[in-house]
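Examination of the molecular architecture
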Amino acid sequence: MIDLFSGLDAWVLVSLLLALTFVLAFEFINGFHDTANAVATVIYTKAMPPHLAVFFSGVFNFLGVLLGGVGVAYAIVHLLPVELLINVNTGHGLAMVFSLLAAAITWNLGTWYFGIPASSSHTLIGSILGVGLANALINDIPLGDGVNWQKAIDIAMSLVVSPMAGFAVAALVLIGLKWWRPLSKMHKTPEQRRKLDDKKHPPFWNRLVLVISAMGVSFVHGSNDGQKGIGLIMLVLIGIVPAKFVLDLNSTTYQIERTRDATLHMSQFYQRNEATLGEFLALGKAKSSDLPEQFSCNPQQTEPTIAALQSSLKGVTDYHALSADKRVEVRRYLLCLDDTAKKVGKLPGLDAREKSDLEKLRKDLTATTEYAPFWVIVAVALALGLGTMVGWKRVVLTVGEKIGKQGMTYAQGMSAQITAACAIGMANVFSLPVSTTHVLSSGVAGTMVANKSGLQGGTVKTILLAWVLTLPASMGLAAGLFWLASKALA
């Protein structure tokens, strides 16, 4: 990590430190903003004392980030169009990062202050979309090209479907528990348990399930939301100090060879499917001299891009051997080939086996560009874990008492938490960002309906309003800030 600061101009160094501080502040706020949802039920039901619940939730968030990989991180990064990612410079990168982070932090703090379980995921995604669209308007790029809309649609679907699934599945789980054990003490609220049984804590097995499921939610929250912070830091590092981070400089000779071989096999794949792809890729027509100086991704330049990449990597066994400009160039080639392969995979005419082969080639192709240094993962894990340990009270009260017309029962808490842990865990498997806030709060709402407790209209309207407004509000904030920053840099 010390190498990160060597040879940098003073203003670049200060900007880099500020940007990293902003990202870690976002993750810290995410910790007490979103993770309060992970411990809300276990605290409200008195299954664990607040200080222990928050501490262990922080620990499991930390572990979730460490073990979660980087799939969700780069799903967030690739919301931005590939042209913006490959042509970013230091000034542009600073404007982009500070704009989206300032917008996300502002909205997160505002909703937390009022105790509204709003989504950090929605906020961050809205901020990234706002920057992408503002960049398109400023540079006279069609709005359709300002954002990676296919990735945005995939993420939007996961953000919309996951709360609906949380509502329905948690309700069904509760109905199942009531059918299985209709007279069980798990169907009491903490207040009823205190008055009728003169007991402060839930029954043993209910308490155990509540604790385990709460820690499960914390772990999957860390592995999903923590990756968003990792993606942001990688945007910062690539935008401000590209020479050191556009490629994984710790890549082994074998990994570099895999990348080089992937380009060769990709070329063979395209030749094998020339009848289907020849026109789309202009196979046999494009020349290396066709590559423009201001590099852009064009499927019809695929053959010369492959040739240029193979030439750049010829004989390379260590990325340190490449000059700074050559590293940036190699990353551009790799990102463009991956972008084209993604488009090719959606074309009609390719059979399922060929699409599967292409997907494997894409993973080899991006193995040394989609990565995160270990210190980045640890820093985000610490920020998220420490953030978990403060500021949780506002959201716990909302989730426990203000969604339904009566307090939450132990069975409701178990149903909502188990559902949330499973839903977010499934999203991690498919590298899709989801909202812990919305999955859990919709799960609680589902159990209230299934329990015939009714919903508090005011709270539900506030949560829905935050759900609807978060995306456009964060988009508008980020777009406005990016426009101002770009004008200042012009």
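Right above here is the structure, for reference.
Just so it is clear, the model here is predicted, and its values are computed rather than measured.

Re the overall build of the protein chain
In terms of helices and strands, the protein chain carries 20 helices and 0 strands. A buried classification covers 54% of the 490 residues belonging to the protein chain. When contacts within the protein chain are restricted to residue pairs at least 6 apart in sequence, those whose partners lie at least 24 apart make up 83%. As displayed, the protein chain offers around 20800 Å² of accessible surface, 64% of which is attributable to carbon and sulfur atoms.

Quick look at the packing of helix α6 (residues 120–138) against helix α7 (residues 149–180)
Packing of α6 against α7 leaves a shortest axis separation of 12 Å and a crossing angle of 160°. Comparing the axis directions of α6 and α7 gives the class roughly antiparallel. In terms of crossing hand, the pair formed by α6 and α7 is left-handed. Here Ser 121, His 122, Ile 125, Leu 129 and Leu 133 of α6 lie close against α7, whose contacting residues are Trp 149, Ala 152, Ile 155 and Leu 159. Of the residues in the contact of α6 with α7, the class split is 7 nonpolar, 2 polar and no charged.

A word on the packing of α7 against helix α19 (residues 436–450)
For the pair α7 and α19, interaxial distance at closest approach is 7 Å and the crossing angle is 40°. Classed by the angle they form, the pair α7 and α19 counts as oblique. Viewed along their axes, α7 and α19 form a crossing whose handedness is right-handed. Here Ser 162, Pro 163, Gly 166, Phe 167, Ala 170, Ala 171, Leu 174 and Ile 175 of α7 come into contact with α19, specifically with His 438, Val 439, Ser 442, Gly 443, Ala 445, Gly 446, Thr 447, Val 449 and Ala 450. Partitioning the contact of α7 with α19 into residue classes produces 10 nonpolar, 7 polar and no charged.

Section: the environment of Cys 297
The topology assignment puts Cys 297 in the loop between α12 (274–281) and α13 (302–313). Sequence-wise, Cys 297 and Asp 339 are 42 residues apart; in three dimensions their C-alpha atoms are separated by 7.8 Å.

Re the side chain of Asp 338
As for its placement among the helices and strands, Asp 338 is situated in helix α14 (residues 324–345). Among all residues touching Asp 338, those that are not within four sequence positions of it are Arg 362, Leu 365 and Thr 366.

Here's the deal with the environment of Leu 20
Assignment of secondary structure puts Leu 20 in helix α1 (residues 10–44). Given a relative accessible area of 9%, Leu 20 falls into the buried group.

Considerations on the layout of surface pockets
Estimates place the volume of the largest pocket at around 1200 Å³. Together, 38 residues line the largest pocket, and Lys 151, Asp 338, Lys 342, Lys 346 and Arg 362 are the ones closest to its centre. For the lining of the largest pocket, the secondary-structure elements that each account for two or more residues are α3 (71–77), α4 (82–86), α7, α14 and α15 (352–365). Examining the composition of the lining of the largest pocket, we find that 7 residues originate from one element, α14, more than from any other. Counted by class, the lining of the largest pocket contains 16 nonpolar, 8 polar and 14 charged residues.

Digging into the nonpolar core
Residues Leu 100, Ile 230, Val 236, Leu 237, Ile 240, Tyr 270 and Tyr 319 are the most contacted members of the largest nonpolar core, which totals 90 residues. Here this core gets 10 residues from one element, more than from any other, and that element is helix α5 (residues 90–113). Tyr 319 has contacts with Leu 247, Asp 248, Leu 249, Ser 251, Ile 256, Thr 259, Leu 313, Arg 327 and Thr 368, leaving out every residue within four places of it along the chain.

Conventions adopted
- Along each chain, residue indices are assigned from 1 in the same order as the chain's sequence is written.
- Under the rules for a predicted model, residues below a pLDDT of 70 receive no local features and side-chain atom pairs below 80 are neither given nor counted, while totals for whole chains, interfaces and linings still include all residues.
- Note that water and hydrogens are dropped before the side-chain values are worked out from all heavy atoms of the structure.
- Every helix listed is a DSSP run of H or I at least four residues long, and every strand listed is a run of E at least two residues long, numbered separately from the N terminus.
- For every residue, the accessible area obtained with a 1.4 Å probe (protein chains only) is divided by the maximum for its type, and the residue is called buried under 20%, exposed over 50%, and partly exposed between those limits.
- What makes two residues a contact is simply this: any of their non-hydrogen atoms within 4.5 Å.
- The Shrake-Rupley method, run with a 1.4 Å probe sphere, supplies the accessible areas, and residue values consider only the shown protein chains as cover.
- Helix axes use the C-alpha atoms of the stretch in contact, all axes being lines fitted to C-alpha atoms, and the angles between their N-to-C directions lie in the range 0 to 180 degrees.
- For this classification, under 35 degrees means roughly parallel, over 145 means roughly antiparallel, 65 to 115 means roughly perpendicular, and everything else is oblique.
- Crossing handedness is read from the near helix: turned anticlockwise from the far helix by less than a right angle, it gives a left-handed crossing, and turned clockwise, a right-handed one.
- Polar here means any residue outside two lists: the nonpolar Ala, Val, Leu, Ile, Met, Phe, Trp, Tyr, Cys and Pro, and the charged Asp, Glu, Lys and Arg; Gly therefore counts as polar.
- Definitions used for this entry: grid spacing 1 Å over protein atoms alone; cavity, a set of points where a 1.4 Å probe fits but cannot get out; pocket, an open set with protein on both sides within 12 Å along at least 5 of 7 lines; lining residue, one with an atom within 4 Å of a point.
- Grid points are joined across faces, edges and corners, and a volume is the space filled by probe spheres set on the points.
- Take the buried residues of types Ala, Val, Leu, Ile, Met, Phe, Trp, Tyr and Cys, join any two whose side-chain atoms come within 4.5 Å, and each joined set is a nonpolar core.

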